[in-house]
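Residues per chain are reported as follows:
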Amino acid sequence: MAKKLLLANAHVPGIRGYEVYRREGGYRSVEKALKTMTPEAIVEEVKKSGLRGRGGAGFPAGLKWSFIAKPEGVPRHLVCNADESEPGTFKDRYLMEFLPHLLVEGLIVSSFALGSNTTYIYIRGEYAWIVDILETAITEAKANGWLGKNILGSGFDCEIYVQRGAGAYICGEETALIESLEGKRGNPRIKPPFPAVKGLWGRPTVVNNVETLAAVVPIINDGGESYAQIGIGKSTGTKLLSACGNINKPGVYEIDMTISVEEFIYSDEYCGGIANGKRLKACIPGGSSVPILPANLLLKTAKGEPRLMNYESLADGGFATGSMMGSGGFEVLDEDQCIVRHTLSLARFYHHESCGQCSPCREGTGWMKKILHNIEYGKGKMSDIDLLWDIQRKIEGNTICPLGDAAAWPVAAAIRHFRDEFEWHVLNPEESQQRNFGLAHYADPSAMHVPVS
Amino acid sequence: MNIQFSAEELNKVNEIIARYPEGKQRSAVIPVLHMAQDAFGGWLSAASMDYVASLLQMEPIEVYEVATFYSMYNLQPVGKYMFEVCQTGPCMVKGSDGIIDYIREKLGIGVGETTADGLFTLKTVECLGACGYAPMMQLGKTYREHLTKERVDEIIAACRAKAN
Ligand SMILES: Cc1cc2nc3c(=O)[nH]c(=O)nc-3n(C[C@H](O)[C@H](O)[C@H](O)COP(=O)(O)O)c2cc1C
Ligand code: SF4
Ligand code: FES
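Residues numbered from 1 in each chain as written. Chains lettered and ligands numbered in written order. Predicted model: local features only at pLDDT ≥ 70, side-chain atom pairs only at ≥ 80, totals over all residues. Heavy atoms only, no water.

Draft legend 1. Expanded view of empty space enclosed by the protein. Residues and elements named next belong to chain A. Under the criterion given, the structure shown has 3 cavities of 30 Å³ or more. Its volume calculated, the largest cavity comes out at about 70 Å³. As for the largest cavity, its lining consists of 13 residues, of which Cys355, Cys358, Cys361, Cys401 and Leu403 are closest to the centre. Per-class residue counts for the lining of the largest cavity are 8 nonpolar, 5 polar and no charged. Listed by contribution, the elements that provide at least two residues to the lining of the second largest cavity are helix 15 (339–353) and helix 18 (403–427). The greatest single-element share of the lining of the second largest cavity, amounting to 4 residues, is contributed by helix 15. Among the residues making up the lining of the second largest cavity, the classes are represented as 6 nonpolar, 2 polar and no charged. (1 Å grid on protein atoms, 1.4 Å probe; cavity = no way out; pocket = protein on both sides within 12 Å on 5 of 7 lines; lining within 4 Å. Points joined across faces, edges and corners; volume = space filled by probe spheres on them. Nonpolar A, V, L, I, M, F, W, Y, C, P; charged D, E, K, R; others polar. Helix = DSSP H or I, 4+ residues; strand = E, 2+ residues; numbered from the N terminus.)

Draft legend 2. The nonpolar core, seen in detail. Judged by nonpolar contacts, the single largest core of 81 residues is most densely connected at Trp65(A), Leu103(A) and Ile121(A). Counting residues per element, this core draws most heavily on helix 6 (residues 100–114) of chain A, at 9 residues. In this view, Trp65(A) contacts Ile42(A), Val43(A), Val46(A), Ser110(A), Ala113(A), Leu114(A), Val206(A), Asn208(A), Leu213(A) and Val216(A); residues no more than four positions away in its chain are not counted. With 79 residues, the next largest nonpolar core counts Ala166(A), Cys361(A), Phe418(A) and Val52(B) among its residues. (Core = buried A, V, L, I, M, F, W, Y, C linked by side-chain atoms within 4.5 Å. Buried < 20%, exposed > 50% of the residue type's maximum accessible area, 1.4 Å probe, protein only. Contact = heavy atoms within 4.5 Å.)

Draft legend 3. Here's a closer look at the site of ligand 2. Residues and elements named next belong to chain A. Taken together, 13 residues lie around ligand 2, and Cys355, Cys358, Cys361, Thr399 and Cys401 are the ones closest in. Among the cavities detected, the one that contains ligand 2 is the largest cavity. Across the shell around ligand 2, the residue classes tally to 8 nonpolar, 5 polar and no charged. (Near = heavy atom within 4 Å. Sits in = over half its atoms within 2 Å of the grid points.)

Draft legend 4. Molecular detail of unusual backbone geometry. In the segment running from Lys191(A) into Pro192(A), the intervening peptide bond is cis, with an omega of -10°. Inspection of the secondary structure assignment puts Pro192(A) in the loop between helix 8 (174–181) and strand 4 (205–209). Here the bond from Ala134(B) into Pro135(B) is cis, since omega is -10°, no more than 30 degrees from zero. For Pro135(B), the position within the fold is in the loop between strand 2 (120–125) and strand 3 (137–139). The backbone of Tyr27(A) shows a phi angle near 70°, a positive value even though the residue is not glycine. Inspection of the secondary structure puts Tyr27(A) in the loop between helix 1 (18–23) and helix 2 (28–36). A positive phi angle is found at His146(B), which is not glycine, with a value near 50°. Relative to the assigned elements, His146(B) resides in the loop between strand 4 (142–144) and helix 7 (149–163).

Draft legend 5. Examining the domain arrangement of chain B more closely. Under the domain assignment used here, chain B contains domain 1 (7–69) and domain 2 (81–163). For domain 1 of chain B versus domain 2 of chain B, the distance between C-alpha centres works out to 29 Å. (Domains from an automatic or database assignment.)

Draft legend 6. Local environment of the packing of helix 1 (residues 7–17) of chain B against helix 2 (residues 29–39) of chain B. All names here are of chain B. Relative to each other, helix 1 and helix 2 sit at 165°, their axes nearing to 10 Å. In terms of orientation, helix 1 lies roughly antiparallel with respect to helix 2. Crossing angle aside, the handedness with which helix 1 passes helix 2 is right-handed. Here helix 1 contributes Glu9, Lys12, Val13 and Ile16 to the contact with helix 2, which in turn contributes Pro31, Val32, Met35 and Ala39. Counted by class, the contact of helix 1 with helix 2 contains 6 nonpolar, no polar and 2 charged residues. (Axes fitted to C-alpha atoms, helices over the stretch in contact; angles between N-to-C directions. Parallel < 35°, antiparallel > 145°, perpendicular 65-115°, else oblique. Left-handed = near helix turned anticlockwise from the far one by under 90°.)

Draft legend 7. How the structure looks around the packing of helix 5 (residues 91–98) of chain A against helix 9 (residues 210–222) of chain A. Residue and element names in this part refer to chain A. It is the contact of helix 5 with helix 9, at a shortest axis distance of 9 Å, that shows an interaxial angle of 50°. Taken together, the axes of helix 5 and helix 9 lie oblique to each other. Taking contact as the criterion, the partners of Lys91, Asp92, Leu95 and Met96 in helix 5 are, on helix 9, Val210, Glu211 and Ala214. Taken together, the residues of the contact of helix 5 with helix 9 sort by class into 4 nonpolar, no polar and 3 charged.

Draft legend 8. Quick look at a nonpolar patch on the surface. A surface patch of nonpolar side chains, about 280 Å² in accessible area, is lined by Phe59(A), Leu63(A) and Phe67(A). Examined against the element boundaries, Leu63(A) turns out to sit in helix 4 (residues 61–66). (Patch = residues over 30% accessible without salt bridge, like charges linked within 9 Å, V, L, I, M, F, W, Y side chains within 5 Å. Areas by Shrake-Rupley, 256 points an atom, 1.4 Å probe, with all protein chains shown as cover. Salt bridge = Lys/Arg side-chain N within 4 Å of Asp/Glu carboxyl O.)

Draft legend 9. Examining the sheet that holds strand 11 (residues 329–334) of chain A more closely. Residue and element names in this part refer to chain A. Read across the sheet, 5 strands follow the order 8-7-11-9-10 without closing on themselves; strand pairing throughout is mixed. The open sheet has two edge strands, strand 8 (251–256) and strand 10 (293–294), and neither has a second partner. Contacts between helix 5 and the sheet are confined to strand 7 (238–245) and strand 8, with strand 7 contributing the most and set at about 115° to the helix. (Pairing = 2+ DSSP bridges.)

Draft legend 10. Summary view of the pairing of strand 4 of chain A. Residues and elements named next belong to chain A. Of all 5 residues making up strand 4, 5 are buried, and the element is well covered by its neighbours. In this sheet, strand 4 lies alongside strand 1 (residues 76–82) in parallel orientation, the contact comprising 5 bridges. Among the inter-strand pairings, cysteine 80 is bridged to a residue of strand 4, identified as asparagine 208.

Dropping the structure here:
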């Protein structure tokens, strides 16, 4: 059994409430931080821990904190990103739903470290019932002296507010989130300036993911070094994964990043194998934006080494033969799934979610959706596959925010690894309406000729 | 419909505005639009949006811009119960297409339509963060997960019973 730092108490009856949470050792990190540490010392511990942002990009959290500007007399803000809208990702929801006090505790310590007297949790609008859970936890924390004025006599004041979004994936992007929190459309801002210098209402702002901020609790309790000892290399600590698709045991799992992908999929402790006795076809290991991998490249890297569930190993081989840890949304596809149809569903998603500011993203996502639709419904041409390839390349790197890349990568990877399935759709327009391509040619996809730009 | 919050709702609006710095009451527009949608018939009419604009000292156009950007705001009247079925990849591989077809057949409406009795609206939406519990839909403030045809039948029956 892997060591659990975040979810260890998730199944303790009543842990959602303050009394039980406190009895189980909750809020110790606030006592330690506010009574015995300086904000700088907390930032140092987080740096030492090697904690990387859990929202998708994996940027070192301590380093990000150290960038926050501290102009005299200007308030600073911490904003918790609970927008969680990347398809395949539902880990933050689990954490907030079952351990709301863990997030509140992490937020208090992090607010102290950053000097944020007013901290916001921006949560996707659809998680309406979780707003109530979080607000209850905040009220309880305040009633017990963990929030408000002069917390624990430290002189530090802090309030936490929950802000509900209203349905827009793009508001997970940190500058779009800030715009939304200012009461506007979620249009990402051009960077620089970065939020750490000019964020919410022009003030220095740090935006971190829910899981990142919750992980601050064990880091402060046990020390950054002890956190850094878990895992491998730059993948320190534990990671929450949300597993879905054609597996026996979908759900949220906390792993230490030393286990193999194979173990994660097939062991009973985690996904419990492919459902209905089917075979594994492909997997999107880190949320819909990261490249899809065919079965054999998923389980082993191109060098033939077992692939591990961590940042480095999942990315091994770059986009040619690797993928990314991303947000930890792990979607497994069995042999009955159609790659063209699945890619179409993601293209439709990105087209729907594009904010429309940049033409490559706004127009490109629409084109990709339309072309994929034609191929899927038996009206595609061979040249469409190359056209798709061309369009995704023209989006990537040419937009204000990374949503453009996030829309391009799934299409690129699908063509790269499953080109013959696209071709089969084009050549067999009628048959492709009746049945799926199956696994047939994927015995050794890494050996196939694939175009890599 | 009388477009006017109750005293209690107005207190809530003021409580929300107090979360932001002086003069930044515009930040309340998203939460207050949610309140307006809930209070004034489940959708946002121009009158509702203008009312929100006046409460937050915003130009009406600034409120329309926001209301049209976010997918949870209904800019047309909707049924009393809105089935918002997720259709993105992870739900699709678990059979969301079949669930959508079944609801269409059961209710005799297409996606985006409302039943003649005004009870049900069917909408397809993108990933709602319940991919491991797919197929699923949002119904009001809650999620209905692990949908099957039988579950859909039960949900429809329960809504009908509640409406009577
Ligand atoms: C289109 C898009 C959507 C994003 N959605 C989320 C999200 O839902 N949750 C999240 O934490 N980060 C999301 N991010 C990443 C954020 O921009 C930001 O990097 C993150 O919140 C930083 O937190 P971290 O350093 O703790 O990971 C998204 C980024 C992009 C480009
Ligand atoms: S890349 Fe897309 S989502 Fe991002 S700013 Fe440009 S149009 Fe908007
Ligand atoms: S794909 Fe349906 S909830 Fe995520």
